[in-house]
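The residues making up each chain are set out below.
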Amino acid sequence: MSRSDHTASPDMERVIDFLRRRNDALDSLDWDQDLVEDRILDSVGFVEFLFLLEELTGERIDPKRIDAMNFRTLNRINAAFLAGKAVP
Amino acid sequence: MRVKEEPAFAEMVERLSAKSRHDHYNPYTRFTWPDRMDDGSWWMSPEHLTVHGTGLVGDERVLRELARRETVNFFSLHVHGIRELMIEVSRRIHTPRFAAYSEYLHHFVGEENAHMWFFAEFCNRYAGGIYPDVSTPYQREVFEEEWEDVVVFARILIFEEIFDYYNSRMGRDRRLPEILQELHSVHHHDESRHVAFGKQFLRHLYAHAVELHGQGRTAEIEDYVKAYMAYSVRSLYNPHAYRDAGVARPLEVRREAMAHPAREEIHRRVMARIDRFFVSAGIFGTPWGGEGVAV
């Protein structure tokens with residue numbers, strides 16, 4: 001599923017903005033871009049990203065239950081953490 | 001590895017091993033743990049709280065609670081951080097490249113194991129346990145093994161320098177309960193040996209990696225080590241500790257605190273010694289200077 005199938009919610013806009021500030025190779029139109037392979041989400045930035053998702057979802061994310069696959073693409077991040085939230 | 005060709009370094013390693021043997025203690029009997037820790041005292045010196053100097057938290061009750069939660073965070077960082085680094089050191093003991101240093105590395109692992117135990121023990125006894133590890137599920141890019149050696153021992157040094165900055169100060173702070181002063185002080189004592197070894201060892205490892213692989217990776221290594229310094233400073237600011245202490249808007253306060261000019265100055269101060277070392281050892285072309293902490 002590509003970006004054109006979505007209206008980016010304000011939360012996803014913040015996700016995109018966060019990732020782009022870390023690495024401008026992020027293609028905000030390609031929600032299937034591999035964020036790990038393209039080094040947009042890296043080992044030292046991961047914790048910050050987790051905290052951002054906690055802020056957006058209002059919930060603490062249990063580190064023991066982290067599935068790395070859920071962080072690999074914008075589509076996966078949206079589906080795993082933010083899709084349940086209404087798009088205004 | 002060139003330890004045989006460097007008698008001064010070999011001598012230092014032997015001297016540090018002898019000191020480790022002489023100073024050895026049993027961590028499980030070394031401390032007298034009080035039954036309770038609820039006398040309302042500061043668990044961390046207020047000037048070492050991550051919100052200090054920012055004016056973001058004014059309520060002293062919240063600050064005292066934050067001192068408790070940030071102590072737990074500080075000790076948790078040690079437990080998780082040193083576990084990863086002990087695994088890396090253990091992988092190398094008695095391998096051909098590290099054979100000459102194996103005895104000292106045994107002392108290192110033994111002492112770090114003791115530290116890990118007593119920091120976790122404090123949290124388990126008085127604070128309901130440590131904070132969970134939130135490290136990445138991803139592997140970073142792996143370099144050639146000699147560059148990996150450089151990265152591992154650079155990370156150990158950064159880690160030790162941060163702890164030593166706070167341990168050396170809080171070990172002398174009479175406002176803290178005696179057991180906390182003692183934990184900081186014992187850790188500071190052991191770490192001074194590790195830092196002395198680590199700096200000389202890292203110079204060797206770096207020279208060896210350059211000799212084998214040339215200068216091609218050096219900029220990448222510098223970038224990685226600097227990013228790790230920023231990451232290490234950020235890990236002191238745990239939003240879960242803020243929340244548990246009753247700080248309102250914990251994630252926003254964390255972001256504001258990390259970017260505050262007063263804090264930027266403190267980040268530079270905490271890392272000043274190691275930053276200077278990296279420059280003098282030729283590992284950095286320019287100082288880190290606190291860059292990359294704010295998000």
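Basis of the calculations
- Residues numbered from 1 in each chain as written.
- Chains lettered and ligands numbered in written order.
- Predicted model: local features only at pLDDT ≥ 70, side-chain atom pairs only at ≥ 80, totals over all residues.
- Heavy atoms only, no water.
- Helix = DSSP H or I, 4+ residues; strand = E, 2+ residues; numbered from the N terminus.
- Rg over C-alpha atoms; globule rule 2.2 N^0.38 Å.
- Buried < 20%, exposed > 50% of the residue type's maximum accessible area, 1.4 Å probe, protein only.
- Contact = heavy atoms within 4.5 Å.
- Areas by Shrake-Rupley, 256 points an atom, 1.4 Å probe, with all protein chains shown as cover.
- Buried area = accessible area lost by both parts, 1.4 Å probe.
- Salt bridge = Lys/Arg side-chain N within 4 Å of Asp/Glu carboxyl O.
- Phe/Tyr/Trp six-rings, centres within 6.5 Å; stacked < 30°, edge-to-face > 60°.
- Lys NZ or Arg CZ within 6 Å of the ring centre and 35° of its normal.
- 1 Å grid on protein atoms, 1.4 Å probe; cavity = no way out; pocket = protein on both sides within 12 Å on 5 of 7 lines; lining within 4 Å.
- Points joined across faces, edges and corners; volume = space filled by probe spheres on them.
- Core = buried A, V, L, I, M, F, W, Y, C linked by side-chain atoms within 4.5 Å.
- Axes fitted to C-alpha atoms, helices over the stretch in contact; angles between N-to-C directions.
- Parallel < 35°, antiparallel > 145°, perpendicular 65-115°, else oblique.
- Nonpolar A, V, L, I, M, F, W, Y, C, P; charged D, E, K, R; others polar.
- Expected span 1.5 Å × (residues − 1).
- Patch = residues over 30% accessible without salt bridge, like charges linked within 9 Å, V, L, I, M, F, W, Y side chains within 5 Å.
- Lys, Arg positive; Asp, Glu negative; His and termini not counted.
- Charge placed at Lys NZ, Arg CZ, Asp CG, Glu CD.
- Left-handed = near helix turned anticlockwise from the far one by under 90°.

Q: So what's going on with the overall build of chain B? Which residues, and what values?
A: Looking only at helices and strands, one finds 10 helices and 0 strands in chain B. Over its C-alpha atoms chain B spans a radius of gyration of 19 Å, differing by no more than 12% from the 19 Å that the globule rule assigns to 295 residues. Here chain B, with 295 residues, has 57% of them falling under the buried criterion. Pairs at least 24 apart in sequence give 80% of the contacts found in chain B among residues at least 6 apart. Accessible surface computed for chain B: about 12,600 Å², of which carbon and sulfur atoms make up 50%.

Q: Can you explain the interface of chain B and chain A? Please cite residues and give values.
A: The accessible area lost on association of the parts is a frequent measure of interface size. Opposite the 25 residues of chain B that make contact, chain A presents 20 residues. Here chain B meets chain A over a buried area of about 2,000 Å², counting both sides, of which 61% is carbon and sulfur. Three residues, Val134, Tyr138 and Leu251 of chain B, lead the burial of chain B against chain A; their summed loss comes to 31% of the area buried on that side. For the interface between chain B and chain A, the tally reads 4 salt bridges. A salt bridge links Glu48 of chain A to Arg254 of chain B; the shortest N-O distance between them is 2.6 Å.

Q: Please set out the packing of aromatic side chains residue by residue, giving values where relevant.
A: All names here are of chain B. The full count for this structure, using the stated rule, is 35 aromatic pairs over all chains. A ring pair is formed by Phe118 and Phe119, whose centres lie 5.0 Å apart and whose planes are at 75 degrees; its orientation type is edge-to-face. Each member of the pair, Phe118 together with Phe119, is buried. The ring of Phe31 has Arg30 lying over it, and the distance from NZ or CZ to the ring centre is 5.3 Å. The cationic tip of Lys226 hangs over the ring face of Phe284; the distance from NZ or CZ to the ring centre is 5.0 Å.

Q: Go over empty space enclosed by the protein with me, naming the residues and quoting the values.
A: For the structure shown, the criterion picks out 3 cavities of 30 Å³ or more. Looking at the largest cavity, its volume works out to about 80 Å³.

Q: Describe the nonpolar core, listing the residues and the values that go with them.
A: Counting residues in hydrophobic clusters, the biggest one holds 100 residues, and the most contacted among them are Phe122, Phe153 and Phe278 of chain B. Here this core gets 15 residues from one element, more than from any other, and that element is helix α5 (residues 145–170) of chain B. Counting residues in hydrophobic clusters, the runner-up holds 29 residues, among them Phe46 and Leu82 of chain A together with Tyr138 and Leu251 of chain B.

Q: Describe the packing of helix α2 (residues 46–57) of chain A against helix α9 (residues 250–259) of chain B, naming the residues involved and giving the relevant values.
A: For the pair α2 of chain A and α9 of chain B, interaxial distance at closest approach is 10 Å and the crossing angle is 140 degrees. Judged on the interaxial angle alone, α9 of chain B and α2 of chain A are oblique. Between α2 of chain A, through Glu48, Phe51, Glu54 and Glu55 of chain A, and α9 of chain B, the contact on the second element is made entirely by Leu251, Glu252, Arg254, Arg255 and Met258 of chain B. Considering only residue class, the contact of α2 of chain A with α9 of chain B consists of 3 nonpolar, no polar and 6 charged.

Q: An account of helix α7 (residues 218–234) of chain B is needed here, citing residue identities and associated values.
A: Here α7 of chain B is 17 residues long and its end C-alpha atoms lie 24 Å apart, about the 24 Å a rise of 1.5 Å per residue gives. Among the 17 residues that make up α7 of chain B, 12 are buried, leaving the element largely enclosed by the rest of the structure. Within the sequence span of α7 of chain B, burial applies to Thr218, Ile221, Glu222, Tyr224, Val225, Lys226, Tyr228, Met229, Ala230, Ser232, Val233 and Arg234 of chain B. In this structure, the buried residues of α7 of chain B make contact with α2 of chain A together with α5, α6 (178–213), α9 and α10 (261–280) of chain B.

Q: With reference to specific residues and values, describe the pattern of salt bridges.
A: This structure, assessed with the given rule, holds 36 salt bridges over all chains. Across the pair Glu55 of chain A and Arg255 of chain B runs a salt bridge whose closest N-O atoms are separated by 2.7 Å. Of this pair, Glu55 of chain A sits in helix α2 while Arg255 of chain B sits in helix α9, each in a different chain. On the basis of relative accessible area, Arg255 of chain B is assigned to the partly exposed category, the value being 27%. Two residues, Arg83 of chain B and Asp133 of chain B, come together in a salt bridge whose shortest N-O distance is 3.5 Å. Placement of the pair is Arg83 of chain B in helix α3 (residues 60–92) and Asp133 of chain B in the loop between α4 (102–126) and α5, with a sequence separation of 50 residues.

Q: Go over a negative patch on the surface with me, naming the residues and quoting the values.
A: All names here are of chain A. Together, Asp27, Asp30, Asp32, Glu37 and Asp38 line one region of the surface with negative charge. Tracing the backbone through its elements, the reader meets Asp27 in the loop between α1 (10–22) and α2. Take Asp27: its relative accessible area is 34%, and that puts it in the partly exposed class.

Q: An account of the packing of α3 of chain B against α5 of chain B is requested, with residue identities and associated values reported.
A: All names here are of chain B. At a minimum axis distance of 11 Å, the contact between α3 and α5 shows a crossing angle of 150 degrees. It follows from the interaxial angle that α3 and α5 lie roughly antiparallel. In this structure, the crossing between α3 and α5 has a hand that is left-handed. The residues of α5 that touch α3, namely those facing Phe74, Leu77, His78, Gly81, Ile82, Leu85, Glu88, Val89 and Arg92, are Glu148, Asp149, Val152, Phe153, Arg155, Ile156, Phe159, Phe163, Tyr166 and Asn167. A class-by-class count of the residues in the contact of α3 with α5 yields 11 nonpolar, 3 polar and 5 charged.

Q: Account for unusual backbone geometry, naming residues and giving values.
A: We note that Arg39 of chain A has phi near 60 degrees; this positive angle belongs to a residue other than glycine. Residue placement: Arg39 of chain A occurs in the loop between α1 and α2. Here the phi dihedral of His94 of chain B falls at roughly 65 degrees; this positive angle occurs in a residue that is not glycine. By the secondary structure assignment, His94 of chain B is in the loop between α3 and α4.

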